[in-house]
Amino acid sequence: MKVAVHGKKFDESVKKIIQSLFDILNNKGVELTVSSTFSDILKKNKVSHQSDSYQKGDHLGDYDAFITLGGDGTLLEAVTHIGNTEVPILGINTGRLGFLATISKESIETSIDELLEQDYGYDERSLLTLNTEDRLFNGYNFALNDFAILKKDTSSMIVVNAYINGEFLNSYWADGVIVATPTGSTGYSMSCGGPLVLPHSENFIITPVSPHNLTVRPIVVPDNSELSFTIEGRTNNYLVALDSRLETVDDTITLNIKKADFKARLIQLSDNNYFKTLRQKLNWGLDVRN
């Protein structure tokens with residue numbers, strides 16, 4: 001089996017876990033390739049491993065699986081490495097439980113056995129793409145969680161004009177606007193009062209950030225809709241984000257959002273499911289009565 005691995009900086013408490021993972025993979029004869037950035041981190045922390053390395057932008061379509069070490073942010077970053085190849089992703093969480101990186105430190109060995117025995121299913125998640133006249137994000141113009149427009153250089157609110165399939169929806173007087181996928185409904189959108197939407201609901205969620213008009217509420221629209229946005233404000237510069245990757249734009253730009261023509265394939269092991277993660281992450285059902 002050919003497996004790619006990506007991760008981020010880690011502290012001494014996690015080093016033993018990561019070393020154990022590489023020992024398991026090497027002992028089982030897995031053909032490993034590690035991202036160049038993570039390879040440098042492993043060398044710095046003296047984690048021994050037998051692997052090649054790849055650069056972001058290299059084609060990874062012939063790999064059987066992609067393992068991420070970190071949290072949800074690491075997995076979202078890995079999605080930009082994989083792109084439209086749809087290589088299956090296994091997210092191992094080296095910190096707290098995530099919504100995407102759901103494999104705990106304690107279950108690494110069991111999870112790797114299931115991976116190598118191909119005893120798993122796929123959880124396919126939709127993405128969104130951003131299209132503009134300018135080439136933003138160096139071609140990595142897609143996101144698994146969300147797209148956001150945010151104010152930058154002033155404390156004053158901005159005005160975001162939103163359109164659905166060319167028809168005017170609303171002018172949001174706010175700190176910004178988020179467009180989330182169902183996967184991203186548990187992220188930034190939720191923290192701004194957006195609803196939780198099941199992963200395969202085929203929707204976008206448009207959520208204002210700190211709106212001045214209190215009657216403005218999040219809205220759920222079909223993900224076959226084409227959304228477009230223009231921006232007004234007291235300054236000319238604004239922030240645009242895709243899964244926390246940021247670019248600065250000015251008020252001449254029109255931002256177009258639609259569903260991507262490829263998906264992210266998350267590896268679904270036997271002991272993990274979306275509702276279990278919701279209960280654990282959001283502490284649902286925790287009550288003195290049960």
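The structure we're discussing is the one just above.
Here's a quick rundown of the structure.

**Observations regarding the overall build of the chain**
- Along the chain, the regular secondary structure elements total 6 helices and 17 strands.
- For the chain, whose C-alpha radius of gyration is 20 Å, the value lies close to the compact-globule estimate of 19 Å for 290 residues.
- Dimensions of the chain, computed from the C-alpha atoms along their principal axes, are close to 60 × 50 × 35 Å.
- Counting only residues that meet the buried cut, the chain has 49% of its 290 residues in that class.
- Contacts spanning at least 24 positions in sequence make up 67% of the contacts within the chain whose residues lie at least 6 apart.
- Just so you have it, the chain exposes about 14200 Å², and 44% of that area is on carbon and sulfur atoms.

**Focus: the sheet that holds strand 15 (residues 237-242)**
- As summarised here, the arrangement of the 6 strands in space is 13-12-11-8-15-16, forming an open sheet in which the pairing is antiparallel. Every other strand in the sheet has two partners, leaving strand 13 (219-222) and strand 16 (245-250) as the edge strands with one partner each. Averaged over all neighbouring strand pairs, the angle between strand axes comes to 20°, with direction disregarded.
- Here 4 bridges tie strand 12 (residues 203-209) to strand 13, and the two strands are oriented antiparallel to one another.

**Overview of the pairing of strand 14 (residues 227-232)**
- Bridge analysis of strand 9 (residues 158-164) against strand 14 gives 6 bridges, and the strand direction is antiparallel. By the bridge assignment, Val160 is partnered in strand 14 with Ile231.
- One ladder, built from 3 bridges, connects strand 14 with strand 17 (residues 255-268); its direction is antiparallel. Note that in strand 17 the partner of Phe229 across the bridge is Leu255.

**Quick word on the packing of aromatic side chains**
- Applying the stated rule across the entire model yields 7 aromatic pairs.
- Between Phe10 and Phe38, the ring centres sit 6.3 Å apart and the planes meet at 70°, which makes this aromatic pair edge-to-face. You can see Phe10 sitting in the loop between strand 1 (2-7) and helix 1 (12-27) and its partner Phe38 sitting in helix 2 (residues 36-44), a full 28 residues away along the chain.
- Classification of Phe38 by relative accessible area gives buried; the value is 0%.
- Between Phe142 and Phe262, the aromatic rings sit 5.3 Å apart at their centres with planes inclined by 85°, giving edge-to-face as the arrangement. You can see Phe142 sitting in strand 7 (residues 142-143) and its partner Phe262 sitting in strand 17, a full 120 residues away along the chain. By the burial criterion, Phe142 is buried, and Phe262 matches it.
- Seen from the ring of Tyr63, Lys2 lies directly overhead, with NZ or CZ sitting 4.7 Å from the centre.
- For Arg265, the ring lying beneath its charged end belongs to Tyr122, and the centroid distance is 3.9 Å.

**Brief notes about the pairing of strand 6 (residues 121-131)**
- The pairing of strand 6 with strand 17 spans 10 bridges and is antiparallel. Within strand 17, the position partnered with Glu124 by the bridge is Arg265.
- As paired strands, strand 6 and strand 7 are joined by 2 bridges and run antiparallel to one another. Residue Thr129 lies in a different strand from strand 7, and its bridge partner there is Phe142.

**Digging into unusual backbone geometry**
- Despite not being glycine, Phe137 shows a phi value in the positive range, around 60°.
- Given a relative accessible area of 5%, Phe137 falls into the buried group.
- Within the chain, Asn138 stands out as a residue other than glycine whose phi angle is a positive 50°.
- Looking at the secondary structure, you find Asn138 in the loop between strand 6 and strand 7.

**Here's the deal with the side chain of Asp123**
- By the secondary structure assignment, Asp123 is in strand 6.
- The exposure class of Asp123 is buried, given its relative accessible area of 9%.
- Of the polar contacts made by the side chain of Asp123, one reaches the side chain of Arg125; its length is 2.9 Å.
- Within the structure, the side chain of Asp123 is placed 2.7 Å from the side chain of His200, a separation counted as a polar contact.
- Dropping the residues within four chain positions of it, Asp123 is found in contact with His200, Ala264, Arg265, Leu266 and Gln268.

**A word on helix 3 (residues 72-82)**
- In terms of burial, helix 3 is largely enclosed, as 8 of its 11 residues are buried.
- Residues Thr74, Leu75, Leu76, Ala78, Val79, Thr80, His81 and Ile82 constitute the buried set of helix 3.

Definitions and limits used
Residues numbered from 1 in each chain as written. Predicted model: local features only at pLDDT ≥ 70, side-chain atom pairs only at ≥ 80, totals over all residues. Heavy atoms only, no water. Helix = DSSP H or I, 4+ residues; strand = E, 2+ residues; numbered from the N terminus. Rg over C-alpha atoms; globule rule 2.2 N^0.38 Å. Buried < 20%, exposed > 50% of the residue type's maximum accessible area, 1.4 Å probe, protein only. Contact = heavy atoms within 4.5 Å. Areas by Shrake-Rupley, 256 points an atom, 1.4 Å probe, with all protein chains shown as cover. Pairing = 2+ DSSP bridges. Axes fitted to C-alpha atoms, helices over the stretch in contact; angles between N-to-C directions. Phe/Tyr/Trp six-rings, centres within 6.5 Å; stacked < 30°, edge-to-face > 60°. Lys NZ or Arg CZ within 6 Å of the ring centre and 35° of its normal. Polar contact = N/O pair within 3.5 Å; in protein donor to acceptor, adjacent residues only side chain to side chain.

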